[in-house]
Amino acid sequence: MRCCQIVMGPAGTGKSTYCKNMHEHCATTGRMTYIVNLDPAADNFDYPVAFDIRDLISLEDVMEELGYGPNGGLVYCMEYLIQNLDWLQDLLVEYSDDDYFIFDCPGQIELYSHLPVMKSLCSALSDWGFAICGVYLVGFFSYIRGLMPRQIDSLFISDPSKFISGVLCSLSAMVQLELPHVNVLTKCDLADEQEIEKYLDPSSGYLLESLTQATNDKWQPLSRAVCNVINDYSMVAFVPMNITDEDSMEVVLQHIDHAINYGEDMEPKEPKDEFADE
Ligand SMILES: Nc1nc2c(ncn2[C@@H]2O[C@H](COP(=O)(O)OP(=O)(O)OP(=O)(O)O)[C@@H](O)[C@H]2O)c(=O)[nH]1
């Protein structure tokens, strides 16, 4: 079966790092993967690129030649890809049916929340025989890059509303793309395990308690409803990933394999229980 992961998520959540680590982890278990760069704004990679959207169109050229800004230019590039999908199909045709692809996507969340381009891409991949898993990354921490690279900007942990916002964005991608889907919480190597658990364990009541304290009475029914969605649907649950821990990469991969193999028929379960005895 031809399989692929569509790696999505806001800017800086670790999509390219995830692709590199997933590629390396799969190699250690004898699974050959090919990474496709679908970010027309990408500059360099730490992983071997099988093929690259920038060979079709680059953001720099679009901005220069059409006078678009970065966001409009990116959307233009993605729409151009959709209008030229034969470019991608011709490249994929060269590979065998057992080959496994990881698509490293851009960080503009509107691509996953309401614009039709990713949905069109996924429909095409499905028509070409791919079993697809959407992998949506949310960072437990976020970084500012640039003048002070690797400086920690905001700690999601200090602000449950940011965590909720990340969950709602992933939910929006799930609803929009209708793919077998795995949510991954990245940068967990930077956080204390017990702190992460507070966010991920619905029985802790931590999210609702924090939101209740932080918001005006008027918003509390909404906070409760959102927390119920997060707690009741294991499909919205996040798999914590620690890139320094091979076991953690393997757990993420098992969730993806499970999603690909069982897709929409998957019984809602707490992901952490699912592999507890393995
Ligand atoms: N400690 C730690 N750092 C990470 C992790 N994932 C990513 N980073 C760092 O976070 C920064 C952003 O990572 P990228 O992989 O470039 O993120 P991205 O989502 O591809 O970013 P965009 O392409 O801008 O959307 C880099 O400095 C990475 O080294 C992680 O799991 N742990």
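Our structure's up above, just so we're on the same page.
Residues numbered from 1 in each chain as written. Predicted model: local features only at pLDDT ≥ 70, side-chain atom pairs only at ≥ 80, totals over all residues. Heavy atoms only, no water.

A. Inspection of unusual backbone geometry at higher detail. Look at Glu178: it is not a glycine, yet its phi comes out positive at around 50°. Checked against the element boundaries, Glu178 lands in the loop between α7 (160–177) and β8 (181–186). For Glu178, a relative accessible area of 54% translates into the label exposed. Even without glycine at this site, Lys187 takes up a positive phi of about 65°. (Helix = DSSP H or I, 4+ residues; strand = E, 2+ residues; numbered from the N terminus. Buried < 20%, exposed > 50% of the residue type's maximum accessible area, 1.4 Å probe, protein only.)

B. Quick look at helix α8 (residues 193–200). All of the buried residues in α8 are Ile196, Tyr199 and Leu200. Around the axis of α8, the buried residues are gathered within 90° of arc, so they sit on the same side. Looking at the buried residues of α8, the elements they touch are α7, β8, α9 (206–214) and β9 (238–240). (Arc of directions from axis to C-beta. Contact = heavy atoms within 4.5 Å.)

C. Spotlight on the pairing of strand β5 (residues 130–139). In terms of burial, β5 is a largely internal element, 10 of the 10 residues being buried. Side-chain alternation along β5 places Phe130, Ile132, Gly134, Tyr136 and Val138 on one buried face and Ala131, Cys133, Val135, Leu137 and Gly139 on a second face that is also buried. Here strand β1 (residues 2–8) runs beside β5; their pairing, made up of seven bridges, is parallel. In the strand pairing of β5, Ile6 is matched with Gly134. (Pairing = 2+ DSSP bridges.)

D. Local environment of the packing of aromatic side chains. A complete count under the given rule lists 14 aromatic pairs for this structure. With 5.6 Å between their ring centres and 35° between their planes, Tyr34 and Phe101 make a pair best called tilted. Placement of Tyr34 in strand β2 (residues 33–37) and of Phe101 in strand β4 (residues 100–104) is noted, with a sequence separation of 67 residues between them. Taking 6.4 Å as the distance between ring centres and 85° as the angle between the ring planes, the aromatic pair formed by Tyr112 and Tyr136 counts as edge-to-face. Placement of the pair is Tyr112 in helix α5 (residues 110–113) and Tyr136 in strand β5, with a sequence separation of 24 residues. Ring pairing ties together the aromatic residues Tyr34, Phe51, Tyr95, Phe101, Phe103 and Phe130, which thus form one cluster. Above the face of the Tyr206 ring, Lys198 is positioned so that its terminal group lies 4.4 Å from the ring centre. (Phe/Tyr/Trp six-rings, centres within 6.5 Å; stacked < 30°, edge-to-face > 60°. Lys NZ or Arg CZ within 6 Å of the ring centre and 35° of its normal.)

E. Summary view of a nonpolar patch on the surface. On the surface, a nonpolar cluster with roughly 250 Å² of combined accessible area is contributed by Met63, Leu66 and Tyr68. Using a relative accessible area of 43% as the deciding quantity, one classes Leu66 as partly exposed. (Patch = residues over 30% accessible without salt bridge, like charges linked within 9 Å, V, L, I, M, F, W, Y side chains within 5 Å. Areas by Shrake-Rupley, 256 points an atom, 1.4 Å probe, with all protein chains shown as cover. Salt bridge = Lys/Arg side-chain N within 4 Å of Asp/Glu carboxyl O.)

F. A look at the environment of Leu177. Take Leu177: it is sitting in helix α7. If we ignore the near neighbours within four places in the chain, the residues touching Leu177 are Met8, Met118 and Lys119.

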